[in-house]
Amino acid sequence: MLLPYSKLDPLYPPGRCVYAQVIIRNASGGVFQVTTNADDNRGWDVPTWRAIRDQAPHDAARHAARRDASLDVDTLRLLVVDTTPTTETTAEAYWLVFDGGTLRDEQISCQELPKPGEVHDGMRFTDPSRIPSGRIQAALRRLADPSAPVLLADGHPVT
């Protein structure tokens, strides 16, 4: 969820937003996604949380995994950092994408996911190739190849 700003002074922009996203996979490589029922943020995405004041990004990622997938993730590995610039309607943001691990089938069948309608309209594991986000695709490449770029700008590797 991005904060809207109607008037921005480019020399003194509003504070930066920090978002944490978590990639959780199933044994066949599907990526866990949710769709929220919030009016300002519809569509499928991986678990995401905007860090609140004094909340570390890794704690925000743990919060996202707990809220969106009912998972307590002990160890998180940073995959990519993406920056997005200020626009007329959004604040500048840093997006940190973490590896939330792979769930075994028995974990998924025993997992008590949040009830649709409380926070989400739906949840699914989807084929990674169907995810349009450049940021998430870069994080998936990093999972497959640890030498892949870590720093992104608008979802594209910084060269």
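Look up: the structure comes first, before these words.
Residues numbered from 1 in each chain as written. Predicted model: local features only at pLDDT ≥ 70, side-chain atom pairs only at ≥ 80, totals over all residues. Heavy atoms only, no water.

Novice: I'd love a proper account of the environment of Trp44, names of residues and values included.
Specialist: Note on placement: Trp44 falls in strand β3 (residues 44-45). Judged by relative accessible area, which is 37%, Trp44 ranks as partly exposed. Taking C-alpha positions, Trp44 is 9.0 Å from Arg124, a pair spaced 80 residues apart along the chain. The residues touching Trp44, leaving out its near neighbours within four places in the chain, are Gln33, Val34, Thr35, Gly122, Met123 and Arg124. (Helix = DSSP H or I, 4+ residues; strand = E, 2+ residues; numbered from the N terminus. Buried < 20%, exposed > 50% of the residue type's maximum accessible area, 1.4 Å probe, protein only. Contact = heavy atoms within 4.5 Å.)

Novice: How would you explain the nonpolar core if you had to name every residue and give the values?
Specialist: Judged by nonpolar contacts, the single largest core of 18 residues is most densely connected at Val22, Ile24, Ala61, Leu71, Leu76 and Phe98. If you list the elements that add at least two residues to this core, you get β1 (17-26), β2 (31-36), α1 (57-69) and β6 (93-103). The element best represented in this core is α1, accounting for five residues. Non-local contacts of Phe98, meaning those with residues more than four positions away in its chain, are made with Ala20, Gln21, Val22, Ile23, Pro57, His58, Ala61, Leu76, Arg77, Leu78 and Leu79. One finds Val46, Val80, Val97 and Ile136 within the second-largest nonpolar core, a separate group that totals 13 residues. (Core = buried A, V, L, I, M, F, W, Y, C linked by side-chain atoms within 4.5 Å.)

Read these as spatial facts, not as claims about activity.
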